[in-house]
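# Examining the three-dimensional arrangement
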Amino acid sequence: MRRRAAAALVLLLTGCSTGPSLENQGAVTAAPGDSHRLTVGSAGFTESDLLAQMYALLLERAGYKTSLLTVANRELYEPALESGQIDVVPEYAATFADWLNAKTNGADAAPAGSPDLDATMTALRRLAAPRGLTVLDAGRAVDQNAFAVSASYARQHDLKTLSDLGASGLEVRLAAGDECVQRPYCEPGLKKTYGIDITGVDPKGVGTTPAKRAVQSGQDQMVLTTTTDATLTEFGLVLLADDKHLQNADYVVPVVNRSRAGSEGVTRALGRLKDVLTTADLAAMNQQVDSWRRLAKDVARTYLEDKGLLT
């Protein structure tokens, strides 16, 4: 039965409209809609589930009826967002800008995302609008690539930033995905921007347990992870600050279907979160779900109640 339901969902989403044709881009003039029954989408990983739950609770507080739909594949949920089968989804500014840019202009198009949040948001909104999507304001929370070392290693060499590591002249073996050797934000960027002496990339993946254990044991000196990684302390690791802004501006942004959820009511309801939620808050909630095995909906509700956002 589950297989049939999943297959039906895939057929539903892949068969949906994908918004205005490229020939008609720029001609989107429909007024913002205000449907009172909204579907909030999640990409199926812990952080996305938490954000979707918080969005739904805030919308319900504002008088909307909501339902949640998990679609793990962006190739499916983004067209569903364009068509209105999903009305609201949490996204990440630079990543989504690059994804829409590749969809619009081809895989070889110059990146639309950058470390500059304002430039990234301008590019993202320009790409989203012709598809009937509205990108709401980014908040304080950002989930971007980050680099961690063991706390003892940081203390020994007085390291707080990636610049500190570059200036130290230390040889560094990096635990990361195998694509790190080519990605500008990874080995090439660490060398060019920070002068870090990367002697090799240990292909253990991004933020995986084996990668963290390799740094914990001293086999590797640094690991590629993310700013909302909830398990660093369990491995005795600390992040080094990206003080020269090598990483793109992957701030959390709500994206809505303009014709169904582009109203001031939706914007106001979701906007209550943007000045409150921080990167550290997201990391702490991820930990509660991933390590403490709490339900995302319970963690989301407790957080919003504690912050006074449901009163």
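Remember, it's a predicted structure, so these values are computed and weren't measured experimentally. (Residues numbered from 1 in each chain as written. Predicted model: local features only at pLDDT ≥ 70, side-chain atom pairs only at ≥ 80, totals over all residues. Heavy atoms only, no water.)

## Structural notes on the nonpolar core
Taken as a class, soluble globular proteins show a tendency for nonpolar side chains to be buried jointly. Counted only if it meets this: Buried residues of nine kinds, namely Ala, Val, Leu, Ile, Met, Phe, Trp, Tyr and Cys, make up a nonpolar core once their side-chain atoms join them within 4.5 Å. Working definition: with a 1.4 Å probe on protein chains only, accessible area under 20% of the residue-type maximum means buried, over 50% means exposed, and in between means partly exposed. Under the scheme used here, helices are H or I runs from DSSP no shorter than 4 residues and strands are E runs no shorter than 2 residues, and both carry numbers assigned from the N terminus. Any two residues whose heavy atoms approach within 4.5 Å at even a single point are treated as in contact.
Counting residues in each nonpolar core, the largest one holds 33 residues, and the members touching the most others are Met54, Leu59, Leu273 and Leu277. Going through the elements one at a time, strand 1 (37-42), helix 2 (46-61), strand 3 (88-92), strand 10 (252-257), helix 11 (264-274), helix 12 (279-290) and helix 13 (296-306) are the ones with two or more residues in this core. A total of 9 residues in this core trace back to one element, the largest contributor, which is helix 2. Filtering out sequence-adjacent residues up to four positions away, methionine 54 remains in contact with Leu273, Leu277, Met285, Ala300, Tyr303 and Leu304. Core analysis: the next-biggest nonpolar cluster, separate from the first, contains 24 residues, Ala43, Leu76, Trp99 and Leu127 among them.

## A look at the packing of helix 2 against helix 13
So the rule is basically this: Lines fitted to the C-alpha atoms define the axes, with helices restricted to the stretch that makes contact. Angles between their N-to-C directions range from 0 to 180 degrees. Angular relationships are summarised with four words: roughly parallel below 35 degrees, roughly antiparallel beyond 145, roughly perpendicular across 65 to 115, and oblique for the angles in between. With the far helix as reference, a near helix turned anticlockwise by less than a right angle produces a left-handed crossing, and one turned clockwise produces a right-handed crossing. Note that Gly is not counted as nonpolar here; it falls among the polar residues with everything else outside the nonpolar set of Ala, Val, Leu, Ile, Met, Phe, Trp, Tyr, Cys and Pro and the charged set of Asp, Glu, Lys and Arg.
The contact between helix 2 and helix 13 brings their axes to 9 Å, and the two run at 55°. Between helix 2 and helix 13, the crossing angle belongs to the class labelled oblique. Crossing of helix 2 over helix 13 shows right-handed handedness. Across from Asp49, Leu50, Gln53, Met54, Leu57 and Leu58 in helix 2, the residues of helix 13 making contact are Ala296, Lys297, Val299, Ala300, Arg301, Tyr303 and Leu304. Here the contact of helix 2 with helix 13 is composed, by residue class, of 9 nonpolar, 1 polar and 3 charged.

## So, the pattern of salt bridges
Opposite charge on two side chains permits pairing when their charged atoms draw close. We apply this condition: Any Lys or Arg side-chain nitrogen found within 4 Å of a carboxyl oxygen on Asp or Glu counts as a salt bridge.
Counted by the stated rule, this structure contains 14 salt bridges. Aspartate 202 is paired through a salt bridge with arginine 173; the nearest N and O atoms lie 3.6 Å apart. Pair noted here: aspartate 202 is in strand 7 (residues 197-203) and arginine 173 is in strand 6 (residues 171-176), with a separation of 29 residues, a long-range link. Using a relative accessible area of 30% as the deciding quantity, one classes arginine 173 as partly exposed. We note a salt bridge from aspartate 275 to lysine 274, for which the minimum N-O separation is 3.3 Å. Take aspartate 275: its relative accessible area is 52%, and that puts it in the exposed class. Note on lysine 274: relative accessible area 26%, which makes it partly exposed. Through salt bridges with shared partners, one network takes in Glu78, Glu82, Lys103 and Arg131.

## Regarding the pairing of strand 2 (residues 65-70)
Applicable threshold: Think of it this way: DSSP has to see at least two bridges between two strands before they count as a pair. By convention a crossover is right-handed if, when the strands point away from the viewer, the path from the first strand over the helix to the second runs clockwise.
Bridging between strand 1 and strand 2 involves 6 bridges; their strand directions are parallel. Following the sheet pairing, threonine 39 is matched in strand 2 by serine 67. Each parallel crossover has a hand, and for strand 1 linked through helix 2 to strand 2 it is right-handed.

## Thoughts on the side chain of glutamate 91
Threshold: A 3.5 Å cut-off defines polar contacts: any pair of N or O atoms within that distance qualifies, except that in protein one atom must be a possible hydrogen donor and the other a possible acceptor, and neighbouring residues in sequence count only when both atoms are side-chain atoms.
The residue glutamate 91 is located in strand 3 in this model. The buried category is assigned to glutamate 91, whose relative accessible area is 0%. Here the side chain of glutamate 91 touches arginine 74 through a polar contact of 2.8 Å, side chain to side chain. Of note is the side chain of glutamate 91, whose polar atom sits 2.5 Å from the side chain of tyrosine 77. Once residues lying within four places of it in the same chain are set aside, the contact partners of glutamate 91 are Arg74, Tyr77, Phe96, Tyr251, Val252, Val253 and Val255.

## Describing the state of the cysteines
The line we're drawing: Our working definition of a disulfide is a cysteine sulfur pair at a distance within 2.5 Å.
On inspection of all chains with the given rule, the structure shows 1 disulfide. Two residues share a disulfide in this structure: cysteine 180 and cysteine 186, whose sulfurs sit 1.9 Å from each other. Taking the torsion about the sulfur-sulfur bond, which here is approximately -85°, the covalent link between cysteine 180 and cysteine 186 counts as left-handed. One exposure class covers both cysteine 180 and cysteine 186, and it is buried.

## A few points about unusual backbone geometry
A positive phi angle, close to 55°, is found at aspartate 158, a residue other than glycine. Topologically, aspartate 158 is positioned in the loop between helix 6 (151-157) and helix 7 (162-168). A positive phi angle is found at arginine 293, which is not glycine, with a value near 65°. In this fold, arginine 293 is placed in the loop between helix 12 and helix 13.

## Observations regarding the confidence of the model for the protein
The cut-off we apply is this: Each residue gets a pLDDT score, which is the predictor's confidence in that residue and runs from 0 to 100.
Averaged over the protein, the pLDDT score is 91; the fraction of residues at 70 or greater is 90%. The low-confidence segment residues 1-27 (pLDDT under 50) makes 31 contacts with residues lying over four places distant or belonging to another chain.

## So, the environment of leucine 50
For leucine 50, the position within the fold is in helix 2. We classify leucine 50 as buried; its relative accessible area is 0%. Spatially, the C-alpha atom of leucine 50 lies 5.8 Å from that of alanine 300, the residues being 250 residues apart in sequence. Beyond its immediate stretch of four places on either side in the chain, leucine 50 contacts Met285, Asn286, Val289, Ala296, Val299 and Ala300.

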